[in-house]
Amino acid sequence: MSPIIVTPIAGSLGAEVRGVDLLTMDNQTWATVHQAFLDHKVIAIRGQDLGPQDMMDVGARFGEPNPYPFVKGLDGFPFLFDVIKEPGEQRNFGGGWHSDTTYMKAPPMATLLYALETPAKGGDTLYCDMVEAYNSLSPKMKEMLGSLNGVFSAGLKSSGGRSLHHAQIGGMKVTAGEMADSYEAVHPIVRTIEETGQKAIYCSKVHTTHFEGMTGDESQPLIDWLVSHATRPEFTCRVHWEPGTLTVWDNRRVMHNAINDYHGMRRHMRRLTSGPTIPL
């Protein structure tokens, strides 16, 4: 059996994991993979051959599967859906810094994204470390943020609305865009991570509309600053995709941004979210 090699991608977060076969993973191997997930927040596991049930089995290691309300799942696998950008499309799915489905009452802990078809160049994903971004703040800023709750919406109001977004990603089986504004939740702007005790900023331009008790105009400058601060280069890493790569990231401690730099080429990924289903 090959040794498991965990290689950091960048100084703050991210690691590549090699020497793992997820189809035959035993509990000892899983413990190593899970520790890499806790240590690095984003792990790219290379050289996998995963069918839909295999992906569900790996996701179950992180917790119960989570529904996604705006894309139809695969036949027989309602929690899995394909993320596709066709060569003729200009807008991609997952662009803009965000954590997944923060507008749900109980957002997922982990996102699993598996590469089936990748462009000849481009199509990477950026990640940023919301723990280190928090740690670098002044004591006064930490104190203020600790008193704030954010209001999170699925409406994509800052980028023209979800219905417009759906109209521009024709390669995907989108649904229920007209219901987006009904998905709204309130969460702390600073989260505490159960397993590690770390604190992390929990805020994005994509989903955070304002702070509870404040107007949008009052909230927006601080939302913009927090995202700009968290996405400074020293808090980021970049994952390059190739078919057979499964990347898993911690939505509690990480934002991600799918880079839209491969126009004229096809990209086909498969996504699952898993984790605790209790409200924050």
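For the structure, check the block above.
Keep in mind the model is a prediction, meaning the values are calculated, not measured.

### Points about the overall build of the chain
Inference 1: Summing up its helical and strand segments, the chain has six helices and 16 strands in all.
Inference 2: In summary, the chain has a C-alpha radius of gyration of 18 Å against a globular reference of 19 Å for 280 residues, a match within 12%.
Inference 3: Dimensions along the principal axes, computed over C-alpha positions, put the chain at roughly 55 × 40 × 35 Å.
Inference 4: Within the span of the chain, comprising 280 residues, buried residues form 53% of the whole.
Inference 5: Restricting to contacts in the chain with at least 6 residues of sequence separation, those with at least 24 account for 83%.
Inference 6: Working note: accessible area of the chain is about 12,000 Å², and carbon and sulfur atoms make up 53% of it.

### Observations regarding the pattern of salt bridges
Inference 1: Inspection of every chain in the model, using the stated rule, returns 15 salt bridges.
Inference 2: K72 is paired through a salt bridge with D75; the nearest N and O atoms lie 3.4 Å apart.
Inference 3: K72 sits in the partly exposed class, given a relative accessible area of 45%.
Inference 4: Among the residues examined, D75 registers a relative accessible area of 66% and is labelled exposed.

### Considerations on the sheet that holds strand 7 (residues 125-129)
Inference 1: Within the open sheet, the three strands sit side by side as 13-7-15. Their pairing is antiparallel. Looking at the sheet topology across the chains shown, the edges are occupied by strand 13 (236-239) and strand 15 (254-258). Strand after strand, the sheet turns through a mean of 25° between neighbouring axes, direction not considered.
Inference 2: The sheet contact formed by strand 7 and strand 13 spans four bridges and is antiparallel. Counterpart to C128 in the pairing with strand 13 is T236.

### A look at the environment of M109
Inference 1: The residue M109 is located in the loop between strand 5 (81-85) and strand 6 (110-117) in this model.
Inference 2: On a C-alpha basis, the gap between M109 and D250 in space is 5.8 Å, while along the polypeptide they are 141 residues apart.
Inference 3: Other than its neighbours up to four places away in sequence, M109 contacts F37, F62, E195, W249, D250, N251, R252, S274, G275 and P276.

### Structural notes on the pairing of strand 15
Inference 1: Along strand 15, five of the five residues are buried, which leaves the element largely enclosed by surrounding structure.
Inference 2: Of the pairings in the sheet, the one linking strand 7 to strand 15 comprises five bridges and is antiparallel in character. Bridge assignment links Y127 to a residue of strand 15, and that residue is H256.

### Quick notes on the nonpolar core
Inference 1: Ranked by size, the top nonpolar core spans 46 residues in total, and within it Y127, L145, I189 and I201 carry the most contacts.
Inference 2: Formed by 25 residues, the second largest nonpolar core is a distinct cluster that contains V17, F37, L50 and V248.

### Observations concerning the packing of aromatic side chains
Inference 1: Evaluation of the coordinates by the stated rule reveals eleven aromatic pairs.
Inference 2: A centroid spacing of 5.0 Å and a plane angle of 25° characterise the contact between Y68 and F81, whose relative ring orientation is stacked. In this pair, Y68 sits in the loop between strand 4 (65-66) and strand 5 while F81 sits in strand 5, placing the two residues 13 residues apart along the sequence. F81 carries the same exposure label as Y68, and that label is buried.
Inference 3: Centroid distance Y127 to W249: 5.1 Å. Interplanar angle 55°. Geometry classified as tilted. Taken together, the residues Y127 in strand 7 and W249 in strand 14 (residues 246-250) connect sequence positions 122 residues apart. As far as burial versus exposure is concerned, Y127 and W249 are alike and both buried.
Inference 4: The rings of Y68, F70, F81, F93, Y103 and Y183 are connected pair by pair, giving a single aromatic cluster.
Inference 5: Over the ring of Y68 we find R271; its NZ or CZ atom is 4.7 Å from the centre of that ring.

### Regarding helix 6 (residues 216-230)
Inference 1: Given a rise of 1.5 Å per residue, 15 residues ought to cover 21 Å, and the 20 Å separating the end C-alpha atoms of helix 6 matches this to within 8%.
Inference 2: Listing the buried residues of helix 6 in full gives S219, L222, I223, L226, V227, H229 and A230. One face of helix 6 carries all of its buried residues, which in axial projection span an arc of 160°. Counted as exposed and oriented over 90 degrees from the buried face of helix 6: D217 and P221.

Calculation notes
- Residues numbered from 1 in each chain as written.
- Predicted model: local features only at pLDDT ≥ 70, side-chain atom pairs only at ≥ 80, totals over all residues.
- Heavy atoms only, no water.
- Helix = DSSP H or I, 4+ residues; strand = E, 2+ residues; numbered from the N terminus.
- Rg over C-alpha atoms; globule rule 2.2 N^0.38 Å.
- Buried < 20%, exposed > 50% of the residue type's maximum accessible area, 1.4 Å probe, protein only.
- Contact = heavy atoms within 4.5 Å.
- Areas by Shrake-Rupley, 256 points an atom, 1.4 Å probe, with all protein chains shown as cover.
- Salt bridge = Lys/Arg side-chain N within 4 Å of Asp/Glu carboxyl O.
- Pairing = 2+ DSSP bridges.
- Axes fitted to C-alpha atoms, helices over the stretch in contact; angles between N-to-C directions.
- Core = buried A, V, L, I, M, F, W, Y, C linked by side-chain atoms within 4.5 Å.
- Phe/Tyr/Trp six-rings, centres within 6.5 Å; stacked < 30°, edge-to-face > 60°.
- Lys NZ or Arg CZ within 6 Å of the ring centre and 35° of its normal.
- Expected span 1.5 Å × (residues − 1).
- Arc of directions from axis to C-beta.

Coordinates in, geometry out; function isn't part of it.
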